[in-house]
There are 2 protein chains.
Amino acid sequence: MKEYNIAVVGATGAVGTEMLKILEEFDLPIKNLKVIASPRSAGKKINFKDKEYVIESVQKGTFEDIDIALFSIGSGNSKKFVPQAVYEGALVIDNSNAYRMDDEVPLVVPEINSEAAKEHSGIIANPNCSTIQMVIALNPLKKKFKINKVLVSTYQAVSGTGLKAIEELKEQSKAYLEGKDIKPKVYPHQIAFNAIPLIDKVNDNGYTEEELKLNRESKKIFDDPELKVTATAVRIPVVYGHSESVHVELDNKVDLEEIQYLLSSDENIKLIDKPEDDHYPTPIMSEKDDKILVGRVRKDLHNENALEMWVVGNNIRKGAALNAVQIAEYMIKSNLI
Amino acid sequence: MKEYNIAVVGATGAVGTEMLKILEEFDLPIKNLKVIASPRSAGKKINFKDKEYVIESVQKGTFEDIDIALFSIGSGNSKKFVPQAVYEGALVIDNSNAYRMDDEVPLVVPEINSEAAKEHSGIIANPNCSTIQMVIALNPLKKKFKINKVLVSTYQAVSGTGLKAIEELKEQSKAYLEGKDIKPKVYPHQIAFNAIPLIDKVNDNGYTEEELKLNRESKKIFDDPELKVTATAVRIPVVYGHSESVHVELDNKVDLEEIQYLLSSDENIKLIDKPEDDHYPTPIMSEKDDKILVGRVRKDLHNENALEMWVVGNNIRKGAALNAVQIAEYMIKSNLI
């Protein structure tokens, strides 16, 4: 059986750490593993499957013996290092926003559009965390109905920003409980016991990049330029797990039982929907569940073509690291590399 | 000048405590004050304007000398004690859900429909916290345009549940930071570093009472049975300040500059809307501001008749205690009592 040399680039970050964990859980045929991070971390050691690995920084030739490089180092750094990895012969699966909308770069959620991955030119992009969980929840509806419009308000965890943001939330929470002053560093405002209605840069139209990603990435993943998504993206004081309040307008009347059947029959979704017994998804549940959790499914009160649902996903695993490793797994198992 | 005997019923609760604070801030002509709570608290003392008051429990005749009784003891207890207060001659301003939809009970946000208060039969109802802030934000638009539909997703603070919920959030947050086990008591799930997409009882149609209140109370306050509001109500780990992601569909094309002008010209609203400079409302800002804070105002990406906005209000003050005292103030200043 063919074995592969795999590199994890950004191995000390929130997503990189999780990529290594998932590579340990998965049974991919790995010949050699390279763990790569910034020069600051180079020389430090990381354990993987009971073996010690020394963290390297990117040098000329780093990717020459690499088959698949899983990148999670942010857009700026991806733009700097991904071209080198491709040039040196690696297939890059990039978690950043840098290449997602490039025509020659497939944007892949394996459960939805794995076929698209075949058409790569050296780079396959991982969608944004909040997009992945939403499109997985929409997918069984999309397969059966025409979706006219989606309105989504997000409740996003700080781990999406990175390890420093997790530390900041914990430090600020401790300071708040002790009655001490709080000085925000990672976020422009206090995040502990607060909500920040702004994620990523603001565009001229008043929307943030995070909000626009939900629109443009969903269109590309579903290969449906007519799909319309309007979003409001909000950071809340949760460590892991993004939640989304999703309004979906179909082109036809909603049959609630059918919708519930479609959601519960989808193997990528866990429908948790008995609100009268306090059964509904919460972000903490997503820490131990790689499926997308859906609940509070109900018809719009006034529009017979629309429904509401509450969608929760682990932003670091299915929203990032797991999806990237699943793309790698698909490429290997389909003999596409 | 005429002076009034005022009772605060539920004086030890989250809202009752704030009612007393606001009565201290306001310059109402108070002759005598009665502070009323459950028999458990009776006999304890409370300070008001440098004078000590002994907490009483409700007895026969408690309200005989009372002109205005501000109630905040929950629906069940209101149903038990409000009729007695009315019978004994007090004008009741009730913060609970018990009487809000009764035809003979005005539901009043003084900035919007103070006139309605005149038609009372002994009870004036205070709307739900999440409704008050939303209708104040919608009001300048409603005066100028026809609103076809509102979709709202809420981000609600635990103080709306009461003092025990504030304690629970703080205790759970401390336990989480210390790596200790968390056993939920007030809420069915952990609230610290989590989000709970369910507030109040669930109805047969899958909506919670909290969500349905936003629909029916808005119709009544605006006296517009055609107004359509669909809501998703979510509790997040914030102490004070409810936030709302609001989608508004008008009957006409949105002129964003005009909308911003209408919002910024409304004296009950503070428009904080320079997201590029990190200026937008957060719940913590509402702790020191009684206005309704609005930001992130932008046109829907796909519907030229719709807009999005982010609305934040202090759920305990403007959302409850302050609105109730403002109703009392209106009744006094208009010589309606």
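This write-up is about the structure you can find in this document.

So, on to the pairing of strand 6 (residues 91–94) of chain A. Residue and element names in this part refer to chain A. Both faces of strand 6 are covered, namely the face carrying Leu91 and Ile93 and the face carrying Val92 and Asp94. Across four bridges, the pairing between strand 5 (residues 68–71) and strand 6 is parallel. Each bridged residue has a counterpart across the sheet, and for Ala69 the counterpart in strand 6 is Val92. Note on the crossover from strand 5 through helix 2 (residues 74–87) to strand 6: the handedness is right-handed. Sheet analysis places strand 6 next to strand 7 (residues 123–125), joined by three bridges and oriented parallel. Opposite Ile93, over in strand 7, you have Ile124 as the bridge partner.

With that settled, the discussion passes to unusual backbone geometry. Residue and element names in this part refer to chain B. Here Asp223, not a glycine, exhibits a phi torsion of approximately 50 degrees, which is positive. Along the polypeptide, Asp223 turns up in the loop between helix 6 (209–222) and strand 9 (229–232). Relative accessible area serves as the criterion here: at 66%, Asp223 is assigned to the exposed category. The backbone of Asp278 shows a phi angle near 60 degrees, a positive value even though the residue is not glycine. For Asp278, the location among the structural elements is in the loop between strand 11 (269–271) and strand 12 (292–299).

Moving on, we get to the relation of the copies chain B and chain A. Each copy of the sequence occupies a distinct position, and chain B is placed on chain A by a rotation of 180 degrees and an axial shift of 0.0 Å, giving an RMSD of 0.0 Å. Such a combination of rotation and displacement between the chain copies is what one expects of a two-fold axis. Residue by residue, 100% of the interface of chain B is reproduced at the interface of chain A, so both copies engage with the same surface.

This brings us to the side chain of Lys213 of chain A. Residue and element names in this part refer to chain A. The residue Lys213 is located in helix 6 (residues 209–222) in this model. Overall, the relative accessible area of 6% leaves Lys213 in the buried class. Setting aside its immediate chain neighbours within four residues, Lys213 contacts Asn97, Arg100, Asn128, Thr131, Asp200 and Ser218.

An α-helical turn contains 3.6 residues, so any two residues separated by three or four positions project in the same direction. Residue and element names in this part refer to chain B. Among the residues making up helix 7 (residues 256–265), those that are buried are Ile259, Leu262 and Leu263. Down the axis of helix 7, the sector holding all buried residues measures 95 degrees, keeping them to one side. Facing away from the buried side of helix 7 by more than 90 degrees, the exposed set consists of Glu257 and Tyr261. A side-chain oxygen of the first residue of helix 7 lies 3.2 Å from the backbone nitrogen of Glu257; this N-cap is Asp255.

In a beta sheet, neighbouring strands are held together by backbone hydrogen bonds and run either parallel or antiparallel to one another. Residue and element names in this part refer to chain B. Pairing within the open sheet is parallel, and its five strands lie in the order 2-1-5-6-7. Strands with a single pairing partner mark the edges of an open sheet, and in this sheet they are strand 2 (30–36) and strand 7 (123–125). Strand-to-strand twist across the sheet, computed as the mean angle between neighbouring axes with direction ignored, equals 20 degrees. Along the sheet, helix 2 (residues 74–87) makes contact with strand 5 (68–71), strand 6 (91–94) and strand 7, crossing strand 6 at roughly 155 degrees.

All right, on to the interface of chain B and chain A then. In many analyses, interface size is given as the accessible surface area lost on bringing the parts together. At the interface, 60 residues of chain B touch 60 residues of chain A. Taken together, the two surfaces of chain B and chain A that pack against each other cover about 5,000 Å², and 63% of this comes from carbon and sulfur. Summed over the shared surface of chain B and chain A, the result is six salt bridges. Between Glu211 of chain B and Arg296 of chain A there is a salt bridge whose closest N-O contact spans 2.7 Å. Summed over the shared surface of chain B and chain A, the number is 30 residue pairs in polar contact (both at pLDDT 80 or more). Counting only elements with at least two residues in the side of chain B that touches chain A, the list comes to strand 8 (147–155), helix 5 (163–177), helix 6, strand 9, strand 10 (242–250), strand 12 and strand 13 (306–313) of chain B.

Moving on, we come to the environment of Asp255 of chain B. Turning to its location among the elements, Asp255 of chain B is positioned in the loop between strand 10 and helix 7. Distance from Asp255 of chain B to Arg298 of chain B, taken between C-alpha atoms, is 9.9 Å for residues 43 residues apart in sequence.

Residue and element names in this part refer to chain A. Read across the sheet, five strands follow the order 2-1-5-6-7 without closing on themselves; strand pairing throughout is parallel. Only two strands of the sheet have a single partner each, and these edge strands are strand 2 (30–36) and strand 7. Within this sheet the neighbouring strands show an average axis-to-axis angle of 20 degrees, counted without direction. With five bridges connecting them, strand 1 (residues 4–9) and strand 2 associate as parallel partners. Bridge pairing in strand 2 links Ala7 to Lys34. Where helix 1 (residues 14–25) meets the sheet, it contacts strand 1, strand 2 and strand 5, and its direction lies at approximately 155 degrees from that of strand 1.

Residue and element names in this part refer to chain B. Packing of helix 4 (residues 129–144) against helix 7 leaves a shortest axis separation of 9 Å and a crossing angle of 120 degrees. The orientation of helix 4 relative to helix 7 falls into the category oblique. Helix 4 and helix 7 meet at a crossing whose hand is right-handed. Note on element contacts: helix 7 touches helix 4 through Glu258, Ile259, Leu262 and Leu263, opposite Ala137, Pro140, Leu141 and Lys144. Here the contact of helix 4 with helix 7 is composed, by residue class, of six nonpolar, no polar and two charged.

The rules behind each value
- Residues numbered from 1 in each chain as written.
- Chains lettered and ligands numbered in written order.
- Predicted model: local features only at pLDDT ≥ 70, side-chain atom pairs only at ≥ 80, totals over all residues.
- Heavy atoms only, no water.
- Buried < 20%, exposed > 50% of the residue type's maximum accessible area, 1.4 Å probe, protein only.
- Helix = DSSP H or I, 4+ residues; strand = E, 2+ residues; numbered from the N terminus.
- Pairing = 2+ DSSP bridges.
- Right-handed = clockwise from strand over helix to strand, strands pointing away.
- Least-squares fit on C-alpha atoms with pLDDT ≥ 70 in both.
- Contact = heavy atoms within 4.5 Å.
- Arc of directions from axis to C-beta.
- Polar contact = N/O pair within 3.5 Å; in protein donor to acceptor, adjacent residues only side chain to side chain.
- Axes fitted to C-alpha atoms, helices over the stretch in contact; angles between N-to-C directions.
- Buried area = accessible area lost by both parts, 1.4 Å probe.
- Salt bridge = Lys/Arg side-chain N within 4 Å of Asp/Glu carboxyl O.
- Parallel < 35°, antiparallel > 145°, perpendicular 65-115°, else oblique.
- Left-handed = near helix turned anticlockwise from the far one by under 90°.
- Nonpolar A, V, L, I, M, F, W, Y, C, P; charged D, E, K, R; others polar.

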